[in-house]
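Spelled out, the chains give:
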Amino acid sequence: MVDRAVKKPKKGKKLEIVRPDRKAAKAAKRTAASESPEKKLERLNDTSEITVSKQIVGQVIGQESAVEVIRKAAKQRRHVFLIGEPGTGKSMLGLALAELLPKEKLVDILSFANPNDENQPLIRTVPAGEGREIVRKARVESLSMFKNQNLLMFILAIIAMIAPWWVRSYYKSDIMFAAFFLGGMMFLAAFVIFINLGRRAPAGKEGGVPKVIVDNFKKDQVPFLDATGAHAGALLGDVLHDPFQSGGLGTPAHERVVTGMIHKANKGVLFIDEIATLQPHTQQELLSALQERKYSITGQSERSAGAMVRTEAVPCDFVLVAAGNLETVKHMHPALRSRIRGYGYEVYMNETIKDTPENRWKIAVFVAQEVTKDQKIPHFSKDAVGEIVEEARRRANRKNHLTLRLRDLGGLIRAAGDLAAERGAKIVTKEHILGAKRIARSLEQQIADKFIERKKEYEVIITQGKIIGRVNGLAVIGGEASYSGIILPIESQVTPGGKEKEFVATGKLGEIAKEAVKNVSAIIKKYFGDDIQKYDVYVQFLQTYEGVEGDSASIAVATSIISALKLIPVKQDTAMTGSLSVRGEVLPVGGVSAKVEAAIDAGIKRILVPKSNLQDIIISKERLRRINIIPVETISEVLKEALDWKGKTAILNAIENVNGGKH
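In this text the structure is predicted, and so the values were computed from the model without any measurement.

(A) Inspection of the overall build of the protein at higher detail. Helices and strands together make up the secondary structure of the protein, namely 23 helices and 29 strands. Every one of the 663 residues in the protein was classed for burial, and the buried ones make up 46%. Taking as baseline every contact in the protein between residues at least 6 positions apart, the subset at least 24 positions apart corresponds to 74%. When the accessible surface of the protein is totalled, it reaches about 35200 Å², and 53% of it is carbon and sulfur.

(B) Representation of helix 14 (residues 382-396) in the model. With 15 residues, helix 14 extends 21 Å from end C-alpha to end C-alpha; this agrees with the ideal 21 Å at 1.5 Å per step. Looking one or two residues beyond helix 14, the residue adopting positive phi is Asn-397, at roughly 55 degrees.

(C) A look at the sheet that holds strand 7 (residues 224-226). Strand order in the open sheet made by the five strands is 7-10-13-3-14, with parallel pairing throughout. The open sheet has two edge strands with one neighbour each: strand 7 and strand 14 (344-348). Taking the axes of each pair of neighbouring strands and ignoring which way they run, one obtains an average angle of 15 degrees across the sheet. In the packing of helix 3 (residues 64-76) onto the sheet, contacts are made with strand 3 (79-83) and strand 14, and the angle to strand 14 comes to roughly 165 degrees.

(D) Representation of the sheet that holds strand 4 (residues 107-112) within the structure. Taken in spatial order, the three strands line up as 5-4-6 in an open sheet, and their pairing is antiparallel. Every other strand in the sheet has two partners, leaving strand 5 (122-127) and strand 6 (211-214) as the edge strands with one partner each. Recorded for the sheet is a direction-independent mean angle of 35 degrees between the axes of neighbouring strands.

(E) Representation of the pattern of salt bridges within the structure. A complete count under the given rule lists 26 salt bridges for this structure. One salt bridge connects Glu-346 with Arg-337, and the closest N-O pair in it is separated by 2.7 Å. For Glu-346, a relative accessible area of 34% translates into the label partly exposed. Note that Arg-393 is salt-bridged to Glu-390, the shortest N-O span being 2.3 Å. Of this pair, Arg-393 and Glu-390 both sit in helix 14, three residues apart, roughly one helical turn. Here the salt bridges do not stand alone but share partners, grouping Glu-387, Glu-391, Arg-394, Arg-395, Lys-437 and Glu-597 into one network.

(F) Representation of the side chain of Glu-391 in the model. Mapped onto the elements, Glu-391 comes out in helix 14. Judged by relative accessible area, Glu-391 falls into the buried class, the value being 3%. In this view, Glu-391 contacts Leu-409, Leu-412 and Lys-437; residues no more than four positions away in its chain are not counted.

(G) Representation of helix 4 (residues 90-100) within the structure. Buried within helix 4 are the following residues: Lys-90, Leu-93, Gly-94, Ala-96, Leu-97, Ala-98 and Glu-99. Close packing links the buried residues of helix 4 with helix 3, strand 3, strand 7, strand 10 (269-272) and strand 13 (319-324).

(H) Expanded view of the packing of helix 14 against helix 16 (residues 430-439). Following both chains from N to C, one finds helix 14 and helix 16 inclined at 40 degrees, their axes separated by 7 Å at the closest point. Compared by their axis directions, helix 14 and helix 16 come out oblique. Residues Asp-383, Ala-384, Glu-387, Ile-388 and Glu-391 of helix 14 pack against Lys-430, Ile-433, Leu-434 and Lys-437 of helix 16.

(I) Representation of a nonpolar patch on the surface within the structure. On the surface, Trp-166, Tyr-170, Tyr-171, Met-176 and Phe-180 cluster together into a nonpolar patch covering about 570 Å² of accessible area. For the nonpolar patch, the element with the highest residue contribution is helix 6 (residues 147-171), accounting for three residues. If you trace the backbone, Met-176 turns up in helix 7 (residues 174-199).

(J) The environment of Leu-97, seen in detail. Locating Leu-97 in the fold gives a position in helix 4. Overall, Leu-97 belongs to the buried group, its relative accessible area being 0%. It is 9.0 Å that separates the C-alpha atoms of Leu-97 and Phe-224, two residues lying 127 residues apart in sequence. Not counting chain neighbours up to four residues away, the residues in contact with Leu-97 comprise Ile-70, Ala-73, Ala-74, Val-80, Val-269, Val-319 and Val-321.

(K) Quick peek at the pairing of strand 28 (residues 606-610). Judged by how many residues are buried, strand 28 sits mostly within the fold: five of five residues are covered. Here strand 28 shows a buried face lined by Arg-606, Leu-608 and Pro-610 and a second buried face lined by Ile-607 and Val-609. Looking at chain direction, strand 28 and strand 29 (residues 628-632) are connected through five bridges and run parallel. Each residue of the ladder has a partner; that of Arg-606, found in strand 29, is Asn-628.

(L) A look at unusual backbone geometry. Its identity is not glycine, yet Gln-375 carries a phi of approximately 60 degrees, on the positive side. Residue placement: Gln-375 occurs in the loop between helix 13 (357-374) and strand 16 (379-380). Phi is positive for Asn-397, which is not a glycine, with a value near 55 degrees. Note on placement: Asn-397 falls in the loop between helix 14 and strand 17 (401-403). Residue Asn-397 is classed as partly exposed on the basis of its relative accessible area of 25%.

Conventions and cut-offs
- Residues numbered from 1 in each chain as written.
- Predicted model: local features only at pLDDT ≥ 70, side-chain atom pairs only at ≥ 80, totals over all residues.
- Heavy atoms only, no water.
- Helix = DSSP H or I, 4+ residues; strand = E, 2+ residues; numbered from the N terminus.
- Buried < 20%, exposed > 50% of the residue type's maximum accessible area, 1.4 Å probe, protein only.
- Contact = heavy atoms within 4.5 Å.
- Areas by Shrake-Rupley, 256 points an atom, 1.4 Å probe, with all protein chains shown as cover.
- Expected span 1.5 Å × (residues − 1).
- Pairing = 2+ DSSP bridges.
- Axes fitted to C-alpha atoms, helices over the stretch in contact; angles between N-to-C directions.
- Salt bridge = Lys/Arg side-chain N within 4 Å of Asp/Glu carboxyl O.
- Parallel < 35°, antiparallel > 145°, perpendicular 65-115°, else oblique.
- Patch = residues over 30% accessible without salt bridge, like charges linked within 9 Å, V, L, I, M, F, W, Y side chains within 5 Å.

Structure below.
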């Protein structure tokens, strides 16, 4: 029995019965909606308490401006060009657009035989669901048309088989039997051919049994087709090859027509990621389809019999959602991009969002979404959500920001969930996430582990003692979405002579790395004047078979050269990363957290990083206790910390006195 409270009615009003439980639930719902994200996170027990949006557009995290564009595009049926890094939600936005599109009347598209030109099949559209019925009726009509003729021919065939035996018994002649037998066989062959042709004979004005080439039977939502990586035939449609194209034995042209994704996406959304990978002529044909909203189907292979067939124009009124990265813009057909820009929107996806309580709550919502979608892993506890937020902070590679490369983050969520499910846990905890990070390491991280292990084994990486001209630099391997830090040993040798009159760097360097080494020469000349002109300077990046690109090793190169030039030992328990301006300023670099982790794993005790990168280091406190991080702003600070100045303090004082000890 449910408790009820009876309110005394006012005069002229009916008795009102209030259910306290419902009233409290509504009040709680209003309170939850008005709560700040910070309070939501504080009172959160686990992600089962988080409501996940049923609409895809409500599941897009951190791309508010893109969502606004998608809503406008859906309302006005505009094309959209999404540019951004993988895993930031481009395909989800395409699905959201399909979901938001007005539910227009979908149609079935049929291909009919053309009685006047068999190589130009006729195209007709009918309301969705009627195509199958039209085909069924046409088949019944075709069969009934020849029903009587077939019966007559069947009777005649029986007569043709019996007649030779009757003739033989009547005339007592084998010759007559043979003549009637051969005649009967020829008649039977003609009978089979007639039946064959009869089934394909024209029925009605447009002739033959039609083929449903776009079937929207019982579909109440506009189609969404992902054409990423599709070849020309799959995208634009094709006409199958017919080896029996003569003598009436082949398959009619209208039955060999195969629609492309542009036709199947009629009234819906066509999504193409990495659109620049399409062949230029395919992009040109796609442009024609966008402009005309209809596109004739023909054989894509010039050597095929299908190339002789070209249908009437087939409707393809779709909304295009094209996607890619900045390289896509360079290689995309300019006219196609112009068409999208002129009749739609271009959106640059966010890669990170600010680290605020509101955005941390969005990451918590994302965790709940991933659990709900997967349906095979438990929900996450409050501490586990906090660890995922911390990981989002670390992967952002930008201070006070959270990453929006959520596909990779989702991989960690599922790995932690699998680990919890394997151990029989009803909820995912922080320990499960830490375990998943050890198990589900990226390829780059695994390669970096092997790199460090082997280099230490053969003493290519040295973490103890002091050596002249040798510095432990830091670098990353992998791309923007997934990378790992490595130790990059650098050695320099300065020899008398001055014949080269330039810095010689080896180690499979990229253009930016080569330019960075040249810029270091300006610093050396600034601090030591004409002395450097008397020497040849060689810089080697040891065993960098994978290649080196970027300028984050600039301070390491400068330290190595100065050490070799002035014969001052470098502390091998110290590693460093940082870009260097020609004025001697230490500039920020990327991947600092990954580099610090690599240094910790390698056994490095001290690491020099640009002061402006200090807040970018997102590592657990336990691991940070294993290393001393020293922020630096100028090359003189780097040299002071990295070199062993015992007996060489006069040189250090001279360096610090250059430009007032700053630069």
